[in-house]
Amino acid sequence: MQFLDIIRYKCPKCKKNNIFNSKGNLFLLQIPKMNERCENCNYKYEIETGFFFGAMYVSYGLTVAEITIFSILSFFIFKASLLTTFLGVIVVSVLLSIKNYKLARTIWIYLFYKPT
Ligand SMILES: [Zn+2]
């Protein structure tokens, strides 16, 4: 299933190998490293130079969705103050930044993958 392959960061062609070869670490400021090609089927992830600039739009969308959900839960459901909600939004967006980075790139790869 496409959705499960995306959240597991699997190759869009063979769905066996991982797109990323390191997890990255937020607290050590390490960005996850991508494999250039799939080791199983040799699919090239970055199909052209600058391909992943477009993933920033996906990342933006994911972040806005997450902080909107968090804000609604915090402010309207749990009745937290506006300042607490605002600080929570900052914490949530920092904590989810690496997940968003990986997810945005994976979604972007899947958007432009054409099965042949
Ligand atoms: Zn593959």
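Our structure's up above, just so we're on the same page.
Residues numbered from 1 in each chain as written. Predicted model: local features only at pLDDT ≥ 70, side-chain atom pairs only at ≥ 80, totals over all residues. Heavy atoms only, no water.

Caption draft 1: Main features of the packing of aromatic side chains. Enumeration according to the criterion identifies nine aromatic pairs in this entry. A centroid spacing of 5.8 Å and a plane angle of 85° characterise the contact between Y9 and F20, whose relative ring orientation is edge-to-face. Of this pair, Y9 sits in the loop between α1 (2–7) and α2 (55–77) while F20 sits in the loop between α1 and α2, and the two are 11 residues apart along the sequence. Of the two residues, Y9 and F20, neither departs from the other in class, the shared state being buried. An aromatic cluster is defined as three or more aromatic residues linked by ring pairs; in this entry it consists of F51, F52, W108 and F112. (Phe/Tyr/Trp six-rings, centres within 6.5 Å; stacked < 30°, edge-to-face > 60°. Helix = DSSP H or I, 4+ residues; strand = E, 2+ residues; numbered from the N terminus. Buried < 20%, exposed > 50% of the residue type's maximum accessible area, 1.4 Å probe, protein only.)

Caption draft 2: Quick look at the coordination of the zinc ion. Looking at the zinc ion, the protein donor atoms are C11 (SG), C14 (SG), C38 (SG) and C41 (SG), and they sit 2.2 to 2.3 Å from it. Each of the four donor atoms bound to the zinc ion contributes to angles spanning 105 to 117°, and the resulting shape is tetrahedral. Between consecutive donor residues of the zinc ion, the sequence gaps follow C-x2-C-x23-C-x2-C. Here C41 lies in the loop between α1 and α2 and C11 lies in the loop between α1 and α2, a separation of 30 residues in the sequence. Judged by its relative accessible area of 23%, C41 is partly exposed. (Donors = N, O, S within 2.8 Å, 3.2 Å for Na, K, Ca; no water. Tetrahedral: all angles 85-135°; square planar, octahedral: opposite > 155°, others 65-115°.)

Caption draft 3: Summary view of the nonpolar core. Counting 21 residues, the largest nonpolar core has M34, Y43, Y45, F52 and I109 as its most contacted members. Among the secondary structure elements, those contributing two or more residues to this core are α2 and α4 (97–111). Ranked by the residues each element gives to this core, the list is headed by α4, at five residues. In contact with F52, not counting residues within four places along its chain, are M34, Y45, E46, R105, W108 and I109. (Core = buried A, V, L, I, M, F, W, Y, C linked by side-chain atoms within 4.5 Å. Contact = heavy atoms within 4.5 Å.)

Caption draft 4: Geometry of α4. End to end, α4 covers 21 Å across 15 residues, agreeing with the expected 21 Å (1.5 Å per residue, within 8%). Restricting attention to buried positions, one finds in α4 the residues I98, N100, K102, L103, A104, R105, T106, W108, I109 and Y110. (Expected span 1.5 Å × (residues − 1).)

Caption draft 5: Examining the side chain of T106 more closely. Residue position: T106 is located in helix α4. T106 gets classed as buried once you look at its relative accessible area, which sits at 0%. Side-chain polar atoms of T106 contact the backbone oxygen of K102, separated by 2.7 Å. In contact with T106, not counting residues within four places along its chain, are I6, Y9, I19 and F20. (Polar contact = N/O pair within 3.5 Å; in protein donor to acceptor, adjacent residues only side chain to side chain.)

Caption draft 6: Here's a closer look at the side chain of K10. Mapped onto the secondary structure, K10 falls in the loop between α1 and α2. Here K10 sits buried without a salt bridge, and the closest side chain of opposite charge, D5, lies 7.8 Å off (N-O distance). Within polar-contact distance, the side chain of K10 engages the backbone oxygen of K16 at 3.4 Å. The contacts of K10, once residues within four sequence positions are left out, are D5, K15, K16, N17, N18, I19 and Y110. (Lys, Arg positive; Asp, Glu negative; His and termini not counted. Salt bridge = Lys/Arg side-chain N within 4 Å of Asp/Glu carboxyl O.)

Caption draft 7: Up close: the packing of α2 against helix α3 (residues 82–95). The geometry of α2 relative to α3 is characterised by a closest axis approach of 9 Å and an angle of 145° between their N-to-C directions. Considering how the two elements wind past one another, α2 and α3 form a crossing that is right-handed. Taken together, the residues of α3 that come into contact with α2 (itself represented by T63, I67, F70, S71, S74 and F75) are L82, T85, G88, V89, V92 and S93. Across the contact of α2 with α3, the residue classes break down as six nonpolar, six polar and no charged. (Axes fitted to C-alpha atoms, helices over the stretch in contact; angles between N-to-C directions. Left-handed = near helix turned anticlockwise from the far one by under 90°. Nonpolar A, V, L, I, M, F, W, Y, C, P; charged D, E, K, R; others polar.)

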